[in-house]
Amino acid sequence: MVSKTRMKPVLCLLVLNEYQCLKVIIPKLLKKKSTLNISKIYAIDGGSIDHSVKYLEKNKIKVIGQSIKGRGNAFKIAFKNIKAENFIFYSPDGNENMNDIKKFKKYFDQNYELIIASRMMKGATNEE
């Protein structure tokens with residue numbers, strides 16, 4: 001069986017008033033972009049009133065506005081507005097480790113249709 005070459009996934013940041021966290025996360029993401037195996041970074045913004053949108057745009061990250069709140073709607077907006085084969089959704093609030101992004105590659109390469117990371121599964125940690 002010959003597997004087709006898969007495109008690198010896009011990273012979709014789920015943002016709502018995350019300016020303070022973005023100042024820490026974005027420089028690291030941009031620096032590690034190629035080693036994280038992502039092609040492009042987008043942001044789905046749920047109506048931030050802080051400096052999140054300006055900061056993202058300053059860093060050349062396309063921001064797509066979200067008129068209906070909620071994570072589920074953010075996913076729908078990403079699927080509708082971004083042309084990509086694979087999507088990784090990431091919350092830049094410090095609850096997720098950006099180094100885990102590269103762990104998805106092996107599953108994309110195996111043609112998994114849905115990959116869900118969880119801090120509640122066996123072997124994961126949850127500090128709450």
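Residues numbered from 1 in each chain as written. Predicted model: local features only at pLDDT ≥ 70, side-chain atom pairs only at ≥ 80, totals over all residues. Heavy atoms only, no water.

Enquirer: How should unusual backbone geometry be read in this particular structure?
Expert: A positive phi angle, near 55 degrees, is found at Asn17, a position not held by glycine. Here Asn17 shows up in the loop between strand 1 (10–15) and helix 1 (19–32). Even without glycine at this site, Asn37 takes up a positive phi of about 65 degrees. Following the sequence through the fold, Asn37 ends up in the loop between helix 1 and strand 2 (40–45). (Helix = DSSP H or I, 4+ residues; strand = E, 2+ residues; numbered from the N terminus.)

Enquirer: How should I be thinking about the layout of surface pockets in this particular structure?
Expert: One simple way to see leftover space: roll a probe sized like a water molecule over the atoms. As a volume, the second largest pocket reaches approximately 190 Å³. Leu14, Val15, Leu16, Glu18, Ile44, Gly46, Gln66, Lys69, Gly70, Arg71, Ala74 and Ser91 together form the lining of the second largest pocket. When residues of the lining of the second largest pocket are traced back to their parent elements, those giving at least two are strand 1 and helix 3 (71–81). Taken together, the residues of the lining of the second largest pocket break down into five nonpolar, four polar and three charged. (1 Å grid on protein atoms, 1.4 Å probe; cavity = no way out; pocket = protein on both sides within 12 Å on 5 of 7 lines; lining within 4 Å. Points joined across faces, edges and corners; volume = space filled by probe spheres on them. Nonpolar A, V, L, I, M, F, W, Y, C, P; charged D, E, K, R; others polar.)

Enquirer: Can you help me understand the side chain of Ser48 in this one?
Expert: Here Ser48 shows up in the loop between strand 2 and helix 2 (52–58). A polar contact is formed between the side chain of Ser48 and the backbone nitrogen of Asn17, at a distance of 2.7 Å. Reaching out from Ser48, the side chain makes a polar contact with the side chain of Asp45 at a distance of 2.4 Å. (Polar contact = N/O pair within 3.5 Å; in protein donor to acceptor, adjacent residues only side chain to side chain.)

Enquirer: Can you help me understand the sheet that holds strand 1 in this one?
Expert: As a general point, the strands of a sheet are linked pairwise by backbone hydrogen bonds and lie either parallel or antiparallel. Spatially, 3-2-1-4 is the arrangement adopted by the four strands of the open sheet, whose pairing is parallel. Each edge of the open sheet is held by one strand with a lone partner, namely strand 3 (62–65) and strand 4 (87–90). Put simply, the sheet's adjacent strands are angled 25 degrees from each other on average, direction ignored. In terms of strand pairing, strand 2 meets strand 3 through four bridges, oriented parallel. Within strand 3, the position partnered with Ala43 by the bridge is Val63. Where helix 1 meets the sheet, its contacts fall on strand 1, strand 2 and strand 4, and the angle it forms with strand 1 comes to roughly 180 degrees. Most of the contacts of helix 3 go to strand 4, to which it runs at about 145 degrees, and overall it touches strand 1, strand 2, strand 3 and strand 4. (Pairing = 2+ DSSP bridges. Axes fitted to C-alpha atoms, helices over the stretch in contact; angles between N-to-C directions. Contact = heavy atoms within 4.5 Å.)

Enquirer: I keep staring at the packing of aromatic side chains and nothing clicks. Help me out?
Expert: The description of two aromatic rings rests on the distance between their centres and on the angle between their planes. A complete count under the given rule lists seven aromatic pairs for this structure. Consider the rings of Phe75 and Phe89, whose centres lie 4.3 Å apart with planes at 45 degrees: the pair is tilted. Of this pair, Phe75 sits in helix 3 while Phe89 sits in strand 4, and the two are 14 residues apart along the sequence. Measuring from centroid to centroid gives 5.7 Å for Phe79 and Phe89, while their planes differ by 85 degrees, and the two rings are edge-to-face. (Phe/Tyr/Trp six-rings, centres within 6.5 Å; stacked < 30°, edge-to-face > 60°.)

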